[in-house]
Amino acid sequence: MSIAHGIKQLGVLGAGQMGAGIAFVSALRAKVPVLVHDKSQEQLSKGLALMDKLLAKDVQKGRLQQADADEARARVRVVGSLEEMRDVDMVVEAVSENLDLKRTIFKTFAQTLKPEAILATNTSSISITKIAAATIPEGKGAASEEAKATTSRVVGLHFFNPVPVMRSSNGWPVPQKLVELISAIQTSKDTLDRARAFAEACGKEVTTSQDVPGFVSNALLMPFLNEAIMCLEKGVATRDDIDKTFKLGMAHPMGPLQLADFIGLDTCLSIQQTLYHGTGDSKYRPSVLLERMVDAQWLGKKSGRGFYEYNDN
Ligand code: 3HC
């Protein structure tokens, strides 16, 4: 028997490529009203423009009725503060990969939102358990009922970029069809079940992972991308041949250097640092070339330059 997610209204914090995508699939597929907040007006405008573009494309391709597109768009509302999200049944945080920032946000969530709201993070690698611990009310012990009431509602809901993509033109499975569900050691079964049901209502398939650095996806993906960057650094092969090896040899939709650019080199670096410091294992040490490129603000597609150059920003 399927479990009802019970989400009548969703909050999404952060309107970058992940947050905008999560808001989009929630409004279009799960058909829930979504409140979006981002401190950057520019980011919000970009996120909303992306949603408009994707809806218009689906209508133009005959996959969506104009009325359904209009309804989906009308479900998304921008709010000016976290306080305006107080009535949501679930919030998904999709801000940058910074533990202190996430801890501050989750503390505010616990103080502001309804006492039964699910508090989800889209983090790619940071410990869900550490984020959950930030919700313990001040002056209360970790074993108190008050702590249990907040920490048990924190969960990892890790979407894949670009979140809106649900099909491939050649019929192969697409990576973005996935959501990785991660349980902190404090997360309750009810929170996990409802978070899973919500991801499924968004049209996603769900895998589960323990709360280890990088979970399953990035613990495997990041060393692969890093090795590709080291190959380039050592002059083993050219950029194009490294990428071609995986596109033509292993049917990857993108080569590893192109994929690193697409994810964002700063995001790749911060995930690799979390893996390296979280495990102490040298196999996760980020390549010097990656560090230098981030130093130079060559962040990949989003900044117009990474391993490739992009003119469409
Ligand atoms: N946002 C929304 N939709 C997008 C998009 C974007 N940024 N880029 C492409 N799309 C859509 C297109 O509109 C098109 O949709 P349609 O079939 O409904 O018309 C569909 O994707 C295919 O696009 P294209 O035909 O233009 O191009 P491709 O066939 O080359 O596909 C791609 C583009 C979907 C990005 C494909 O190259 C791909 O799947 N690449 C791998 C991406 C990947 O591995 N993602 C996971 C990254 S890891 C991660 O996110 C985890 C994090 O923690 C690091």
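Note that this is a predicted model, so its numbers are computed, not measured.

Looking at this structure, I do not really get the UniProt feature "domain: 3-hydroxyacyl-CoA dehydrogenase C-terminal" (unreviewed entry) in the protein chain. What am I missing?
UniProt records the feature "domain: 3-hydroxyacyl-CoA dehydrogenase C-terminal" (unreviewed entry) for residues 214-310 in the present numbering. Summarising residues 214-310: 61% helix, 0% strand, and an end-to-end C-alpha distance of 28 Å.

What should I look at first to understand the site of the ligand in this one?
Residues in close proximity to the ligand total 21 residues, the closest being Lys-57, Lys-61, Arg-63, His-158 and Asn-161. Here an oxygen atom of the ligand sits 2.6 Å away from a polar atom, N or O, in the side chain of Lys-57. Here Ser-124 contributes a side-chain N or O atom positioned 3.0 Å from an oxygen atom of the ligand. Coverage of the ligand by the protein amounts to 70% of the 1000 Å² it exposes when considered alone. When contributions to the shell around the ligand are tallied by element, the ones reaching two or more residues are α2 (41-60), α8 (217-233) and α10 (256-263). The class makeup of the residues in the shell around the ligand is twelve nonpolar, five polar and four charged. Viewed by domain, the shell around the ligand spans two of them, domain 1 (10-210) and domain 2 (216-301), each represented by three or more residues.

Looking at this structure, I do not really get the environment of Leu-232. What am I missing?
Along the chain, the position of Leu-232 falls in helix α8. In this structure, the C-alpha to C-alpha distance between Leu-232 and Pro-253, residues 21 residues apart in sequence, is 20 Å.

What exactly am I supposed to notice about the environment of Asp-58 here?
Checked against the element boundaries, Asp-58 lands in helix α2. Given a relative accessible area of 8%, Asp-58 falls into the buried group. Each residue touching Asp-58, except ones within four places of it in the same chain, is listed here: Leu-28, Arg-63 and Leu-64. For Asp-58, the side chain forms a polar contact with the side chain of Arg-63, separated by 2.8 Å.

Honestly, the UniProt feature "binding site: NAD(+)" (unreviewed entry) in the protein chain in this entry has me stumped. Any pointers?
As recorded in UniProt, the feature "binding site: NAD(+)" (unreviewed entry) lies at Gly-14, Ala-15, Gly-16, Gln-17, Met-18, Gly-19, Asp-38, Glu-97, Lys-102, Ser-124, Asn-161 and Lys-302. Positionally, Ala-15 belongs in the loop between β1 (10-13) and α1 (17-28). Along the chain, the position of Lys-302 falls in the segment after α12 (288-295). Judged by its relative accessible area of 44%, Lys-302 is partly exposed.

Could you clarify how one ought to interpret the domain arrangement of the protein chain in this entry?
Size of an interface, as often reported, equals the accessible area lost when the parts are brought together. Under the domain assignment used here, the protein chain contains domain 1 (10-210) and domain 2 (216-301). On a C-alpha basis, the centres of domain 1 and domain 2 stand 26 Å from each other. Domain 1 puts eleven residues into the contact, and the matching count from domain 2 is eight residues. Carbon and sulfur atoms make up 55% of the surface buried where domain 1 meets domain 2, a total of about 780 Å² over both sides.

Is there a simple way to explain α8 in this structure?
Three or four residues apart is the spacing at which side chains of an α-helix point the same way, because the helix has 3.6 residues per turn. Compared with an ideal rise of 1.5 Å per residue, which puts 17 residues at 24 Å, α8 spans 24 Å between its outermost C-alpha atoms and is within 8% of the ideal. Within the sequence span of α8, burial applies to Ser-217, Asn-218, Ala-219, Met-222, Pro-223, Leu-225, Asn-226, Ala-228 and Ile-229. Contact partners of the buried residues in α8: β6 (154-159), β7 (178-183), α9 (239-249), α10, α11 (265-279) and α12. Positioned one or two residues after α8, Gly-235 has a phi angle of 75 degrees, which is positive.

I keep staring at the nonpolar core and nothing clicks. Help me out?
It is characteristic of soluble globular proteins that their nonpolar side chains tend to be buried jointly. Residues Leu-10, Val-34, Met-90, Leu-157, Phe-159 and Phe-198 are the most contacted members of the largest nonpolar core, which totals 41 residues. At eight residues, the largest contribution of residues to this core is made by α1. Beyond its immediate chain neighbours, meaning those up to four positions away, Val-34 contacts Leu-10, Val-12, Ala-23, Ser-26, Ala-27, Arg-75, Val-76 and Arg-77. One finds Met-222, Ile-242, Phe-307 and Tyr-310 within the second-largest nonpolar core, a separate group that totals 22 residues.

I tried to follow unusual backbone geometry on my own but got confused; where do I start?
Glycine aside, negative phi is the norm for most residues, and most peptide bonds take the trans geometry. Cis geometry marks the peptide bond from Asn-161 to Pro-162, where omega comes out at -5 degrees. If you trace the backbone, Pro-162 turns up in the loop between β6 and β7. Positioned with a positive phi, Lys-31 is a non-glycine residue whose angle comes to about 60 degrees. Relative to the helices and strands, Lys-31 resides in the loop between α1 and β2 (34-37). Of note, Phe-215 is a non-glycine position whose phi angle comes to about 55 degrees, a positive value. Within the fold, Phe-215 resides in the loop between β8 (205-209) and α8. Taking the relative accessible area as the measure of exposure, Phe-215 reaches 2% and is therefore buried.

What should I look at first to understand the confidence of the model for the protein chain in this one?
Parts of the prediction with low pLDDT should not have their coordinates interpreted in detail. Per-residue confidence for the protein chain gives a mean pLDDT of 94, with 97% of residues at or over 70. Both confidence scores are given for the complex: pTM 0.95, ipTM 0.95.

Quick notes on the rules
- Along each chain, numbering runs from 1 in the same order as the chain's sequence is written.
- Owing to the predicted nature of the model, reporting of local features is limited to residues with pLDDT of at least 70; listing and counting of side-chain atom pairs is limited to 80 or more, with chain, interface and lining totals taken over all residues.
- As a convention, hydrogens and water are excluded, and side-chain values are obtained from all of the structure's heavy atoms.
- UniProt positions are given in the numbering used here, feature names are shortened, and annotations may be inferred rather than shown by experiment.
- Here a strand is any run of E in DSSP of at least two residues, a helix any run of H or I of at least four, and the numbering for each starts at the N terminus.
- In this text, near means that some heavy atom of the residue lies within 4 Å of the molecule or strand in question.
- Nitrogen and oxygen atoms within 3.5 Å of one another constitute a polar contact, given that in protein one can donate a hydrogen and the other can accept it, and given that sequence-neighbouring residues count only through two side-chain atoms.
- Residue exposure ignores everything except the shown protein chains as possible cover, and the areas themselves are Shrake-Rupley values with a 1.4 Å probe.
- When residue character is reported, Ala, Val, Leu, Ile, Met, Phe, Trp, Tyr, Cys and Pro are called nonpolar, Asp, Glu, Lys and Arg charged, and the others, Gly included, polar.
- Bear in mind that the domain bounds are from an automatic or database domain assignment.
- Summary of the burial criterion: residues with accessible area below 20% of their type's maximum are buried, those above 50% are exposed, and those between are partly exposed, where the area comes from a 1.4 Å probe applied to protein chains only.
- Every residue pair with non-hydrogen atoms within 4.5 Å of one another is taken to be in contact.
- Buried area is understood as the total, over both parts, of accessible area removed when two parts are fitted together, assessed with a 1.4 Å probe.
- Multiplying 1.5 Å by the residue count of a helix minus one yields the expected span of that helix.
- Grouping buried Ala, Val, Leu, Ile, Met, Phe, Trp, Tyr and Cys residues that are joined through side-chain atoms within 4.5 Å yields what is termed a nonpolar core.
- On a range of 0 to 100, pLDDT expresses the predictor's confidence in each residue.

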